[in-house]
Amino acid sequence: MSSMDCATFPMHPKMDEQLARAFAANEEEEEKHIQKVQNAFLYYGPYACQRLKRSMDYLNSLSGEDQIMLARYRGHLECVRTCIDRNQAVIREILRERVLYPAEEATGDPSADRWEFDEPPPNVRHGDMDQAQSTLKLIARDWSTEGALEREQSYKPIIDSIVEYYKPSDFELKEIKILVPGAGLGRLTYELACLGYSCEGNEFSYFMLIASNFVLNLCDYENKYVLYPWVHQYVNNLRREDQVAAVRFPDVCPLKNPPKGHFEIAAGDFLEVYKTPNAYNCVATCFFIDCANNVIDFIRTIYKILVPGGIWVNLGPLLYHYSDVSGQNSIEPTFEDLCIIMESVGFVIETSRTGIRTKYAQNPSSMKQSEYQSLFWVCRKPDTFEEQRGKRKASREPHDLIVREDSEEEEEEEQQPEQNEMGQKQQLKTLAMANGDTEMKAQPT
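Cut-off values and rules
Residues numbered from 1 in each chain as written. Predicted model: local features only at pLDDT ≥ 70, side-chain atom pairs only at ≥ 80, totals over all residues. Heavy atoms only, no water. Pairing = 2+ DSSP bridges. Helix = DSSP H or I, 4+ residues; strand = E, 2+ residues; numbered from the N terminus. Axes fitted to C-alpha atoms, helices over the stretch in contact; angles between N-to-C directions. Contact = heavy atoms within 4.5 Å. Parallel < 35°, antiparallel > 145°, perpendicular 65-115°, else oblique. Nonpolar A, V, L, I, M, F, W, Y, C, P; charged D, E, K, R; others polar. Expected span 1.5 Å × (residues − 1). Buried < 20%, exposed > 50% of the residue type's maximum accessible area, 1.4 Å probe, protein only. Left-handed = near helix turned anticlockwise from the far one by under 90°. Patch = residues over 30% accessible without salt bridge, like charges linked within 9 Å, V, L, I, M, F, W, Y side chains within 5 Å. Areas by Shrake-Rupley, 256 points an atom, 1.4 Å probe, with all protein chains shown as cover. Salt bridge = Lys/Arg side-chain N within 4 Å of Asp/Glu carboxyl O. Lys, Arg positive; Asp, Glu negative; His and termini not counted. Charge placed at Lys NZ, Arg CZ, Asp CG, Glu CD. Phe/Tyr/Trp six-rings, centres within 6.5 Å; stacked < 30°, edge-to-face > 60°. Lys NZ or Arg CZ within 6 Å of the ring centre and 35° of its normal. pLDDT = per-residue confidence, 0-100. Core = buried A, V, L, I, M, F, W, Y, C linked by side-chain atoms within 4.5 Å. Right-handed = clockwise from strand over helix to strand, strands pointing away.

**Q** An account of the sheet that holds strand β7 (residues 306-316) is requested, with residue identities and associated values reported.
**A** Strand order in the open sheet formed by seven strands is β5-β2-β1-β6-β7-β9-β8, and the pairing between neighbours is mixed. On the outer flanks of this sheet lie β5 (263-267) and β8 (348-358), each paired with one strand and no other. Sheet twist, expressed as the mean angle between neighbouring strand axes with direction ignored, is 15 degrees. Bridging between strand β1 (residues 177-181) and strand β2 (residues 198-203) involves five bridges; their strand directions are parallel. Of the residues in β2, the one forming a bridge with K177 is S198. Taken strand by strand, helix α13 (residues 295-305) contacts β1, β6 (280-286) and β7, and its axis lies near 140 degrees from that of β7.

**Q** So what's going on with the packing of helix α2 (residues 27-42) against helix α5 (residues 71-96)? Residues and values would help.
**A** Here α2 crosses α5 at 150 degrees, and the two axes come no closer than 9 Å. Judged by the angle between their axes, α2 and α5 are roughly antiparallel. Contact residues: α2 offers Q38, F41 and L42, while α5 offers Q88, I91 and L95. Looking at side-chain class alone, the contact of α2 with α5 contains four nonpolar, two polar and no charged residues.

**Q** I'd like to hear about helix α6 (residues 126-143), residue by residue, with values.
**A** Compared with the 26 Å implied by 1.5 Å per residue over 18 residues, the 26 Å span of α6 between its first and last C-alpha is a close match. For α6, the full list of buried residues reads D128, M129, A132, Q133, T135, L136, L138, I139, A140, R141, D142 and W143.

**Q** An account of the packing of α2 against α6 is requested, with residue identities and associated values reported.
**A** Close contact between α2 and α6 brings their axes to 9 Å; oriented N to C, the two are set at 65 degrees. By the angle between their directions, the pair α2 and α6 is classed as roughly perpendicular. Considering the relative orientation of α2 and α6, their crossing is right-handed. The segment α2 lies against α6, with K36, A40 and F41 engaging D128, M129, A132 and T135. Considered class by class, the residues forming the contact of α2 with α6 number four nonpolar, one polar and two charged.

**Q** Residues and numbers for a negative patch on the surface, please.
**A** Taken together, the side chains of E27, E28, E29, E30 and E31 define an acidic patch exposed on the protein surface. Of note, E31 is situated in helix α2. Its relative accessible area of 48% is what places E31 among the partly exposed residues.

**Q** Give a description of the environment of Y228 that names residues and reports values.
**A** Relative to the helices and strands, Y228 is located in the loop between β3 (225-227) and α11 (240-243). Between the C-alpha atoms of Y228 and V80, which are 148 residues apart in sequence, the distance is 9.2 Å.

**Q** Can you lay out the packing of aromatic side chains for me, pointing to particular residues and giving the numbers?
**A** One pair of aromatic rings is described through two measures. These are the centre distance and the angle between the planes. Here the structure, examined in full by the defined rule, presents 20 aromatic pairs. Measuring from ring centre to ring centre gives 4.6 Å for F288 and F298, while their planes differ by 5 degrees; the resulting arrangement is stacked. Here F298 lies in helix α13 and F288 lies in the loop between β6 and α13, a separation of 10 residues in the sequence. Taking the relative accessible area as the measure of exposure, F288 reaches 8% and is therefore buried. A relative accessible area of 7% means that F298 is categorised as buried. Each residue in the set F270, Y274, Y280, F288 and F298 is aromatic and connected to the rest through ring pairs, giving one cluster. A cation sits over an aromatic face here: K381 above Y303, 4.9 Å from the ring centre.

**Q** Any details on the confidence of the model for the chain? Residues and values, ideally.
**A** It should be kept in mind that the predicted coordinates are not to be read in detail where pLDDT is low. Summing up the model confidence of the chain, the mean pLDDT is 85 and the portion of residues at 70 or higher is 77%. Below pLDDT 50 for its whole length, residues 428-445 participates in three contacts with residues either more than four positions away or in separate chains.

**Q** Which residues make up the pattern of salt bridges, and what values go with them?
**A** Two side chains that carry opposite charge are able to pair once their charged atoms sit near each other. Counting across every chain of the model gives 17 salt bridges. The partner of K156 in a salt bridge is D160, with the nearest N and O atoms 2.7 Å apart. One end of the pair, K156, and the other, D160, are both in helix α8 (residues 156-165), four residues apart, so they sit about a helical turn from each other. With relative accessibility at 37%, the residue K156 sits in the partly exposed group. What makes D160 partly exposed here is its relative accessible area of 38%. Here R380 makes a salt bridge to E350, at a shortest N to O gap of 2.4 Å. With R380 in strand β9 (residues 372-380) and E350 in strand β8, this residue pair connects regions lying 30 residues apart in the sequence. The exposure class of E350 is partly exposed, given its relative accessible area of 39%. What you see here is one network of salt bridges that share partners, running through R151, R187, E191 and D251.

**Q** Can you break down the nonpolar core residue by residue, with the values?
**A** Within the largest apolar cluster, 76 residues are counted, with the highest numbers of intra-cluster contacts made by I158, I162, I178 and F249. In terms of residues, this core owes the most to one element, helix α10 (residues 206-218), which gives nine residues. In contact with F249, other than residues within four places in its own chain, are V90, I139, W143, F214, V215, C219, N223, K224, Y225 and L227. If you look at the next biggest cluster of nonpolar residues, it comprises 31 residues, including L179, Y303, W312 and C379.

**Q** Before we move on, can you summarise the pairing of β5 with the specific residues and values?
**A** Judged by how many residues are buried, β5 sits mostly within the fold: four of five residues are covered. With five bridges connecting them, β2 and β5 associate as parallel partners. Bridge pairing in β5 links N202 to A266.

**Q** Just give me the short version of the pairing of β7, but keep the residues and values in it.
**A** Along a regular strand, successive side chains alternate from one face of the sheet to the other. Burial within β7 is extensive, with 10 of its 11 residues counted as buried. Of the pairings in the sheet, the one linking β6 to β7 comprises six bridges and is parallel in character. Note that in β7 the partner of T285 across the bridge is N314. Following the chain from β6 across α13 to the adjacent parallel β7, one finds a crossover that is right-handed. Direction of pairing for β7 relative to β9: antiparallel, over a ladder of six bridges. In the strand pairing of β9, W312 is matched with C379.

Quick look at the structure:
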């Protein structure tokens, strides 16, 4: 298994010289961004305790009679504080190797005071702190037993489609190159590599990169660490224990269970890093394509980097992360529009479905459960022979491609009369030929 460099994330080998120079010019800015991510992780504890303090302060202001009735609730809030402290301890472990930090700081005790912040660090905003908290939830989603159901919903359809298209009996799997943009904590990429495929994950967020490096390269046995990912959720709790539920990770240790196929995680912006045509047999995207300002850019790039005959497998909603974000431009095409775009770019839509029920980093015990009715499709880049024969159809609004999971049986029932009618026509045709009739052939003009 290929691991990430523990001193710095190397410049991606696919970058051309011009792009490499641009990255070098922005190196100082990149270092500042990395430092901000580090500081957000380190400020996690004090930031989370600010929210806790508001509840404690109000509780202390209530009448003595009310406080007596809330005695167990007070004890629960003390438990919340303990869970926050334990989460911060795990974060210290995640940062211990300091993958992205200057070498001169590579020694010292990560529990020392200089690793903590009593005041907000420079340039760290609420959005950065939200990402730090969300990273803990995503560790639970990708690398805990509790996240198995979500992984089953989101990853299994993708994996099954890839295995069906690139069957182990028909292909040398190590020769099948799969790219997973928006790899997050790396579980989907890891699972595909375990099947024997040559897999590369790509991730832009340093919150994700730092956490995934820890799980993939530094956790040396199963369920070594304990997190409390739902401790920030103060509402919709049926029981006190639901907020402070513990999650152990990793449920699988990649160091002890290295994948059969090649496996690597590359840092960088998907649109900037991946520009080499005909480089991958498959692109697998999960909860990714709506992370673009212009989703067409993603679709064009995926088409470009696929080899002729290669497939793009996608699952996820259309949240469009930049929609209504101040200072950001965004377009939000519907699924109907996306079908037109994909065919216009050149894809052949092999299959598509709507209504795939998927959750994303949800507390399974919460009284509030959010669920996406996600999209799923498999698209193929035509091979050269198909293009030469002109099989690529003109783009149209492909309403017939919108198929819900629960409509498959209805579709089969609708097709049955057509099949019966075709069978009757064939019988009539055979009877006519038996009677000596001949079919008329078109004469060349």
